[in-house]
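Summary of structural features
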Amino acid sequence: MISQEVQNYIERLIPSRDIRIQKIEEYAKEHGVPIMELVGIEVLLQQLRMIQPQKILEVGTAIGYSAIRMAEALPDVSIVTIERDPERYELALQNIKEFGLSERIEVLFGDANELVAEAGKKAPYDVVFIDAAKGQYQRFFESYGEFLRPEGIIFSDNILFKGYVTGDVHPGTRRLASLVRKIRSYNEFLMNHNGYTTAILPVGDGLGISIKKDNEQR
């Protein structure tokens, strides 16, 4: 991961965002809502600008921040996103409506493990973005990867988990230690999956980029 000094430097270079975006960022910080770190989401958005996907599936809406950022960066994209927390779901709907994006961002309410079939009705997807319960990442990857077109991409956020995965930083609690083991296992799963080519970028809290191979490449 990049040093905090470098991260702060890059953040200072990033142009100011829409005041409404900044309000969402401030709300998330104040209320402990997990949204993508600023440098991480800017890298994600730049990747998406290069890919120019038409349809994105996001696992983990939270309050709609990343879905709104993606829709704003890609005027032709449509997004299906999943959130299980009722308060965050309602706030996401409000935020999305405020940006006039309700027709392009569809929020499904419920547990992502129980909405696989529902999301599958809207497949295929060009991109799947996983940013939800970290202990469930592999299950999400396997379930929703089925709906990804050949050469589509799965992005996985938070896979360096504040540096805990290196073993140099002690997680402090049994719960965190268990989660670290699951994320390490997921990272190994990604890097050794014969159906995908994966790279891990040490930006934000770690961003995995997995490109689905077509049948001839496997």
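Residues numbered from 1 in each chain as written. Predicted model: local features only at pLDDT ≥ 70, side-chain atom pairs only at ≥ 80, totals over all residues. Heavy atoms only, no water.

1. Re the overall build of the protein chain
Helix and strand counts for the protein chain come out as eight helices and seven strands. What you see for the protein chain is a C-alpha radius of gyration of 17 Å, in line with the 17 Å of a compact globule of 218 residues. Expressed along its principal axes, the backbone C-alpha trace of the protein chain runs to roughly 45 × 40 × 35 Å. Each of the 218 residues in the protein chain was classed as buried or not, and the buried ones make up 49%. In the protein chain, of all internal contacts separated by at least 6 residues, the share reaching a separation of at least 24 is 67%. Put simply, the protein chain shows about 11,300 Å² of open surface, and 48% of that area lies on carbon and sulfur atoms. (Helix = DSSP H or I, 4+ residues; strand = E, 2+ residues; numbered from the N terminus. Rg over C-alpha atoms; globule rule 2.2 N^0.38 Å. Buried < 20%, exposed > 50% of the residue type's maximum accessible area, 1.4 Å probe, protein only. Contact = heavy atoms within 4.5 Å. Areas by Shrake-Rupley, 256 points an atom, 1.4 Å probe, with all protein chains shown as cover.)

2. So, the packing of aromatic side chains
Tallying each qualifying case throughout the model produces eight aromatic pairs. Ring centres of Tyr 89 and Phe 109 lie 4.9 Å apart, and the angle between their planes is 45°; on these two criteria the pair is classed as tilted. Of this pair, Tyr 89 sits in helix H5 (residues 86-98) while Phe 109 is found in strand S3 (residues 105-109), placing the two residues 20 residues apart along the sequence. Accessibility expressed as a relative area gives 17% for Tyr 89, which makes it buried. (Phe/Tyr/Trp six-rings, centres within 6.5 Å; stacked < 30°, edge-to-face > 60°.)

3. Let's talk about the sheet that holds strand S6 (residues 196-201)
Hydrogen bonds along the backbone pair up the strands of a sheet, which may run parallel or antiparallel. Judged by pairing direction, the sheet is mixed, and its seven strands sit side by side in the order S3-S2-S1-S4-S5-S7-S6 without closing on themselves. Because the sheet does not close on itself, it has two edges, and the strands there are S3 and S6. Strand-to-strand twist in this sheet, taken as the mean axis angle between neighbours without regard to direction, amounts to 15°. Along the sheet, H5 makes contact with strand S2 (78-83) and S3, crossing S3 at roughly 165°. (Pairing = 2+ DSSP bridges. Axes fitted to C-alpha atoms, helices over the stretch in contact; angles between N-to-C directions.)

4. Notes on the nonpolar core
In this structure, Ile 105 and Phe 155 are the most contacted members of the largest nonpolar core, which totals 38 residues. Elements with a contribution of two residues or more to this core: helix H2 (19-31), helix H3 (38-51), helix H4 (65-73), H5, S3, strand S4 (125-130), strand S5 (148-157) and strand S7 (207-212). Those residues within four positions of Phe 155 in sequence are excluded, and the remaining contacts are Leu 44, Gln 47, Leu 48, Ile 51, Val 127, Val 128, Phe 129, Ile 130, Leu 207, Gly 208 and Ile 209. In this structure, Phe 141, Leu 148, Leu 160 and Leu 190 belong to the second largest nonpolar core, which totals 32 residues. (Core = buried A, V, L, I, M, F, W, Y, C linked by side-chain atoms within 4.5 Å.)

5. Some thoughts on the pattern of salt bridges
Under the definition given, this model contains seven salt bridges. A salt bridge links Lys 122 to Glu 106, with the shortest nitrogen-to-oxygen separation between them at 3.3 Å. Taken as a pair, Lys 122 in the loop between helix H6 (116-120) and S4 and Glu 106 in strand S3 lie far apart in primary sequence, 16 residues in all. Owing to a relative accessible area of 34%, Glu 106 belongs among the partly exposed residues under this scheme. Linking Arg 149 and Asp 126 is a salt bridge whose minimum nitrogen-to-oxygen distance equals 2.7 Å. Within this pair, whereas Arg 149 is found in strand S5, its partner Asp 126 is found in strand S4, the two being separated by 23 residues in sequence. Assessed through its relative accessible area of 29%, Arg 149 is described here as partly exposed. (Salt bridge = Lys/Arg side-chain N within 4 Å of Asp/Glu carboxyl O.)

6. So, the packing of H3 against H4
Viewed as axis vectors pointing N to C, H3 and H4 meet at an angle of 40°, and their least axial separation amounts to 10 Å. With respect to each other, H3 and H4 are oriented oblique. Judged by the twist between their axes, the crossing of H3 over H4 is right-handed. Of H4, the residues touching H3 (which contributes Leu 38, Ile 41, Glu 42, Leu 44, Leu 45, Leu 48 and Arg 49) are Tyr 65, Ser 66, Arg 69, Met 70 and Ala 73. (Parallel < 35°, antiparallel > 145°, perpendicular 65-115°, else oblique. Left-handed = near helix turned anticlockwise from the far one by under 90°.)

7. Here's the deal with the layout of surface pockets
Considering only enclosed or pocket space, the largest pocket measures out at about 1,200 Å³ in volume. Among the secondary structure elements, those contributing two or more residues to the lining of the largest pocket are H2, H3, H4, S2 and helix H8 (174-192). Tallied by class, the residues present in the lining of the largest pocket amount to 17 nonpolar, 11 polar and 17 charged. (1 Å grid on protein atoms, 1.4 Å probe; cavity = no way out; pocket = protein on both sides within 12 Å on 5 of 7 lines; lining within 4 Å. Points joined across faces, edges and corners; volume = space filled by probe spheres on them. Nonpolar A, V, L, I, M, F, W, Y, C, P; charged D, E, K, R; others polar.)

8. So, the packing of H2 against H4
Angle between the axes and distance between the axes are the two parameters that describe a pair of packed helices. Packing of H2 against H4 brings their axes to within 11 Å, and their N-to-C directions diverge by 160°. With respect to their mutual orientation, H2 and H4 come out roughly antiparallel. Between H2 and H4 the crossing geometry is left-handed. Side by side, H2 and H4 meet where Ile 21, Ile 24 and Glu 25 of the first sit next to Tyr 65, Ile 68 and Arg 69 of the second.

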